[in-house]
Amino acid sequence: MNPDIIPADLMVFSMLAGLICGSALLCALSQDIVRSGFALLGTFGGVAGLYAFLGADFLMGAQLLIYVGGILILILFAVLLTQRIQHLDVTNKSVGLPAGLTIAAIIAGGVSLVALKTPWPTGPERAPNPTTARIGDALLTDYLLPFELASIVLLVSLVGAVVIARREVRPAGDS
Amino acid sequence: MPTIADIMPLTLAVGIPHLLTVSAFVFACGVICVTTRRNAVGVLMGVELILNSANINFVAFSRYGIGDISGHVFSVFVIVLAAAEATIALAIVLAIFARHRSIDLGDATTLKG
């Protein structure tokens with residue numbers, strides 16, 4: 001096969017895009033919450049691969065560590081702690097799926113139309129550079145205030161999560 | 001409606017339209033999760049999909065558009081905030097489950113007037 005017919009980057013991108021979109025669709029439409037959770041793993045991993053494809057090395061590491069290794073594990077813990085495993089009925093019911101699909105199709109169609117039709121300004125062709133040092137510099141010079149605010153948000157959310165999820169065993173219907 | 005002339009650039013080198021289309025699809029899947037799920041953790045999965053689609057957009061524009069590092073920095077903040085929000089949301093879900101033994105959003109009617 002002539003390698004000039006399909007550019008190599010388009011081939012790699014198509015595989016990553018197929019993984020991401022297929023996993024996202026499975027997560028959205030699955031009737032089993034555990035299957036949705038593992039489809040979310042495919043999506044997060046695909047997005048991490050997309051970051052690597054785009055040269056965002058620090059973001060790929062952050063995605064894998066925080067999203068896959070933190071948020072996804074947390075979601076799976078919550079799924080397993082809140083299911084009555086002995087009941088094998090549908091755990092991830094969808095209500096109003098035709099309306100939801102219509103809204104989602106309109107949104108995706110509209111945004112894709114804008115993405116295809118807009119003459120995006122293309123900058124010069126840049127080789128991917130390591131980004132970690134540049135992100136660190138930016139966080140401590142241009143983006144110092146959001147950095148500090150994000151740290152405060154993290155502190156408050158950690159304390160709040162501990163307070164909310166404390167073990168208070170009270171019967172339901174208690175006023 | 002997109003014409004053939006609009007689709008043809010998609011078969012050449014990867015650029016902004018490819019990434020925006022993927023991001024729009026993931027966003028749509030997230031919207032489906034948020035609007036149609038009865039399970040609270042399912043709704044949270046949709047929110048994470050939406051945040052990931054925004055991150056793809058940021059990194060795409062940082063790579064193929066303006067070219068500086070601000071897109072990556074914003075993505076870092078989005079990841080941080082997604083982690084904080086997932087923590088709080090799941091703490092709330094677990095607290096509701098401990099009290100009512102169900103996280104079906106149709107059963108959460110205590111505040112209903």
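Sequence order as written defines residue numbering, which begins from 1 separately in each chain. Chain A is the first chain written and ligand 1 is the first ligand written, with later ones labelled in order. It should be noted that, the model being predicted, local features are given only for residues of pLDDT at least 70 and side-chain atom pairs only at 80 or more, the latter also being counted only at that level, while totals for whole chains, interfaces and linings use all residues. Hydrogens and water are ignored here; the side-chain numbers use all heavy atoms of the structure.

1. Comments concerning the overall build of chain A
- Check the secondary structure of chain A and you find six helices and zero strands.
- A run of H or I in DSSP counts as a helix once it spans at least four residues, and a run of E counts as a strand once it spans at least two, with each numbered from the N terminus. Counting from the amino terminus, helix and strand elements in chain A follow one another as α-α-α-α-α-α.
- The classification of residues rests on relative accessible area computed with a 1.4 Å probe and restricted to protein chains. Under 20% of the type maximum is buried, over 50% is exposed, and intermediate values are partly exposed. Within chain A, the proportion of its 175 residues that are buried is 33%.
- For chain A, the share of sequence-separated contacts (at least 6 apart) that also reach a separation of at least 24 residues comes to 64%.
- All accessibility values rest on the Shrake-Rupley procedure with a 1.4 Å probe; residue burial counts only the protein chains present in the view. By element, 72% of the accessible surface of chain A is carried by carbon and sulfur atoms, the whole surface being about 10400 Å². Whether two residues are in contact is decided by their heavy atoms, any of which lying within 4.5 Å being enough.

2. Considerations on the side chain of S23 of chain B
All names here are of chain B.
- Structurally, the position occupied by S23 is in helix α2 (residues 16-36).
- With relative accessibility at 3%, the residue S23 sits in the buried group.
- A polar atom in the side chain of S23 sits 3.1 Å from the side chain of N57.
- Beyond its immediate chain neighbours, meaning those up to four positions away, S23 contacts S53, I56 and N57. Counted as a polar contact is a pair of N or O atoms within 3.5 Å, where, for protein atoms, one must be capable of donating a hydrogen and the other of accepting one, and residues adjacent in sequence contribute only when both atoms are in side chains.

3. Some thoughts on the interface of chain A and chain B
- Residue-level contacts link 86 residues of chain A with 80 residues of chain B.
- As a working definition, buried area equals the accessible area (1.4 Å probe) given up by two parts on being put together, with both sides summed. Interface area for chain A against chain B, summed over the two sides, is near 7000 Å², with a carbon-plus-sulfur share of 74%.
- Sorting the residues of chain A by area buried against chain B places L54, L116 and R126 of chain A first, and these three jointly supply 10% of that buried surface.
- Here, a salt bridge means any Lys or Arg side-chain nitrogen found within 4 Å of an Asp or Glu carboxyl oxygen. There are zero salt bridges connecting chain A and chain B.
- Our enumeration of links across chain A and chain B arrives at six residue pairs in polar contact (both at pLDDT 80 or more).

4. With respect to the packing of aromatic side chains
- Two rings from Phe, Tyr or Trp (for Trp, the six-membered ring) form a pair when their centres are within 6.5 Å of each other. A pair whose planes differ by under 30 degrees is stacked, one over 60 is edge-to-face, and the rest are tilted. A full pass over the atoms with the stated rule returns five aromatic pairs over all chains.
- Centre to centre, the rings of F44 of chain A and Y67 of chain A are 4.6 Å apart; their planes meet at 45°, and the pair counts as tilted. Residue F44 of chain A is located in helix α2 (residues 33-53), and its partner Y67 of chain A is located in helix α3 (residues 57-81); the two are separated by 23 residues in the primary sequence. The same class applies to F44 of chain A and to Y67 of chain A, which are both buried.
- Taking 5.2 Å as the distance between ring centres and 65° as the angle between the ring planes, the aromatic pair formed by W120 of chain A and F61 of chain B counts as edge-to-face. With one member in each of two chains, W120 of chain A in the loop between α4 (97-117) and α5 (132-140) and F61 of chain B in helix α3 (residues 40-64) form a pair that bridges those chains.
- Assessed through its relative accessible area of 24%, W120 of chain A is described here as partly exposed.
- An aromatic cluster is built from Y143 of chain A together with F58 and F74 of chain B, whose rings are joined through pairwise contacts.

5. Things to note about a nonpolar patch on the surface
- The patches reported here contain residues having more than 30% relative accessible area and no salt bridge. Joining distances are 9 Å for like charges and 5 Å for nonpolar side chains (Val, Leu, Ile, Met, Phe, Trp, Tyr). Residues L145, L149, I152 and V156 of chain A make up a contiguous nonpolar surface patch of about 400 Å² in total accessible area.
- You can see V156 of chain A is positioned in helix α6 (residues 144-164).

6. Digging into the packing of α2 of chain B against α3 of chain B
Residues and elements named next belong to chain B.
- Where helices are involved, their axes are fitted lines through C-alpha atoms of the stretch in contact, as for all axes, and angles between N-to-C directions lie from 0 to 180°. Viewed as axis vectors pointing N to C, α2 and α3 meet at an angle of 165°, and their least axial separation amounts to 7 Å. Taken together, the axis directions place α2 and α3 in an arrangement best described as roughly antiparallel. Note that α2 runs across α3; the crossing there is left-handed. Note on element contacts: α3 touches α2 through G42, V43, G46, V47, L49, I50, S53, I56, N57, A60, F61 and Y64, opposite I16, L19, L20, V22, S23, V26, F27, C29, G30, V31, C33 and V34.
- All residues other than Ala, Val, Leu, Ile, Met, Phe, Trp, Tyr, Cys, Pro, Asp, Glu, Lys and Arg, Gly among them, are scored as polar; the first ten of these are nonpolar and the last four charged. Split into classes, the residues belonging to the contact of α2 with α3 amount to 18 nonpolar, six polar and no charged. Here is the rule for angles: anything less than 35 degrees is roughly parallel, anything more than 145 is roughly antiparallel, 65 through 115 is roughly perpendicular, and the remaining ranges are oblique. The handedness criterion is simple: a crossing whose near helix is rotated anticlockwise from the far helix by less than a right angle is left-handed, and one whose near helix is rotated clockwise is right-handed.

7. A look at the nonpolar core
- Ranked by internal contacts, the top residues of the largest apolar core, which has 69 residues, are I75 of chain A together with V41 of chain B.
- Mapped by element, the contributors of at least two residues to this core are α1 (8-29), α2, α3, α4 and α5 of chain A together with α2, α3 and α4 (70-100) of chain B.
- Among the elements that line this core, the one with the most residues is α4 of chain B, at 11 residues.
- For I75 of chain A, the contacting residues outside a window of four places in its chain are L40 of chain A together with V41, L44, M45, E48 and L90 of chain B. Only buried residues count toward a nonpolar core, which is a set of Ala, Val, Leu, Ile, Met, Phe, Trp, Tyr and Cys residues joined through side-chain atoms within 4.5 Å.

8. Quick notes on the confidence of the model for chain A
- Residue-level pLDDT values for chain A average 86, and 88% of them are 70 or greater.
- α2 of chain A holds the highest mean pLDDT among the elements of chain A, 95, whereas α4 of chain A holds the lowest, 89. In predicted models, pLDDT denotes the confidence assigned by the predictor to each residue on a 0 to 100 scale.

9. Observations regarding the side chain of S157 of chain A
- Positionally, S157 of chain A belongs in helix α6.
- Under the relative-accessibility criterion, S157 of chain A is labelled buried at 7%.
- A distance of 3.0 Å separates the side chain of S157 of chain A from the backbone oxygen of L154 of chain A, its partner in a polar contact.
- In this structure S157 of chain A touches A84 and I88 of chain B, once residues within four positions along its chain are discounted.

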